[in-house]
Amino acid sequence: MTDKQKIFADEYLIDLNATRAYRIAYPSVKKEATAAAAGARMLRNVKVEEYIQERMQERQKRTEVTQDRVVEELAAIAFARVTDYAEIYGGSVEIKDTEQLSEEQVRAIAGIKDGKFGIELKLNDKEKALELLGRHLGMWNDKLDIKTPAIDESLKEMEEYFERQKARGSGPPVELSV
């Protein structure tokens, strides 16, 4: 690996921005589009890719930040229940003592403060945590998939029809592709 490639890889590891990293490693490149394309190519370089993966694994060991820990944290937020933190007695709200909360419950808390009307407890964004967990698990498909057996069968019939027409010399002027 060259010195410039190492600079690129080290810079890339800061914020995972290949364009910025390429411009640092190769300051003579002025155009954003050129740096973006070259940065993307650089990430496909086997030696650079291996170096980046090795460094990321080292960082993961050092910081102990793993996918499992991130998923656990998101799950703590996503599945937190407000009744774990507060109870209603005769029309008044009583916040539970944090000593009574589990570690998982504490992780779901965004903040606690003494507000104008008493103690205010704010939980992290449950909806966002559920969305991120769903994405991680592959539950959300942002792509529209319209393939169904009925459509596939219709396309097959159309192709067969056009093939017969073509064999007779009266087929469509364009190719049908799916």
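Our subject is the structure listed above.
Along every chain, residues carry numbers that run from 1 in the direction the sequence is written. The predicted nature of this model means local features are confined to residues of pLDDT at least 70 and side-chain atom pairs, given and counted, to a pLDDT of 80 or more, with totals for whole chains, interfaces and linings taken over all residues. Water and hydrogen atoms were dropped before computing side-chain values, which therefore reflect all heavy atoms in the structure.

### Side note on the pattern of salt bridges
Okay, so step 1: Counted as salt bridges are all cases of a side-chain nitrogen of Lys or Arg within 4 Å of a carboxyl oxygen of Asp or Glu. Scanning the entire structure with this criterion turns up 11 salt bridges.
Okay, so step 2: Notably, a salt bridge pairs Lys96 with Glu87, separated by 3.5 Å at the nearest N-O pair.
Okay, so step 3: Each residue is placed in one exposure class: buried if its accessible area under a 1.4 Å probe, protein chains only, is under 20% of its type's maximum, exposed if it is over 50%, and partly exposed if it falls in between. Assessed through its relative accessible area of 24%, Lys96 is described here as partly exposed.
Okay, so step 4: In this structure Glu87 comes out as partly exposed when scored by relative accessible area, which is 29%.
Okay, so step 5: For Arg135, the salt bridge identified is with Glu131, shortest N-O distance 2.7 Å. On the criterion of helical spacing, the pair formed by Arg135 and Glu131 is a turn pair, its members being four residues apart in helix 7 (residues 126-136).
Okay, so step 6: Ionic contacts of the salt-bridge type, sharing partners, join the residues Lys6, Asp10, Arg55 and Glu58 into one network. Secondary structure elements are defined from DSSP: runs of H or I of at least 4 residues count as helices, runs of E of at least 2 residues count as strands, and each element is numbered from the N terminus.

### Focus: helix 1 (residues 3-15)
Okay, so step 1: When we look at burial in helix 1, the residues that qualify are Gln5, Phe8, Ala9, Glu11, Tyr12 and Leu13.
Okay, so step 2: We call two residues in contact whenever any of their non-hydrogen atoms come within 4.5 Å of each other. On the buried face of helix 1, the contacting elements are helix 2 (18-25), helix 3 (32-43) and helix 4 (46-63).
Okay, so step 3: Directly after helix 1, the chain includes Leu16, whose backbone phi takes a positive value near 60°.

### Description of the environment of Glu160
Okay, so step 1: Within the secondary structure, Glu160 is located in helix 8 (residues 149-168).
Okay, so step 2: Between the alpha carbons of Glu160 and Ala9 there is a distance of 53 Å; along the sequence they are 151 residues apart.

### Quick word on helix 5 (residues 67-78)
Okay, so step 1: Given the number of residues in a helix, its expected span is that number minus one, multiplied by 1.5 Å. Between its first and last C-alpha, helix 5 extends 16 Å over 12 residues, near the 16 Å set by a 1.5 Å rise per residue.
Okay, so step 2: Within helix 5, burial applies to Leu74, Ala76, Ile77 and Ala78.
Okay, so step 3: Those residues of helix 5 that are buried are in contact with helix 6 (103-107) and helix 7.

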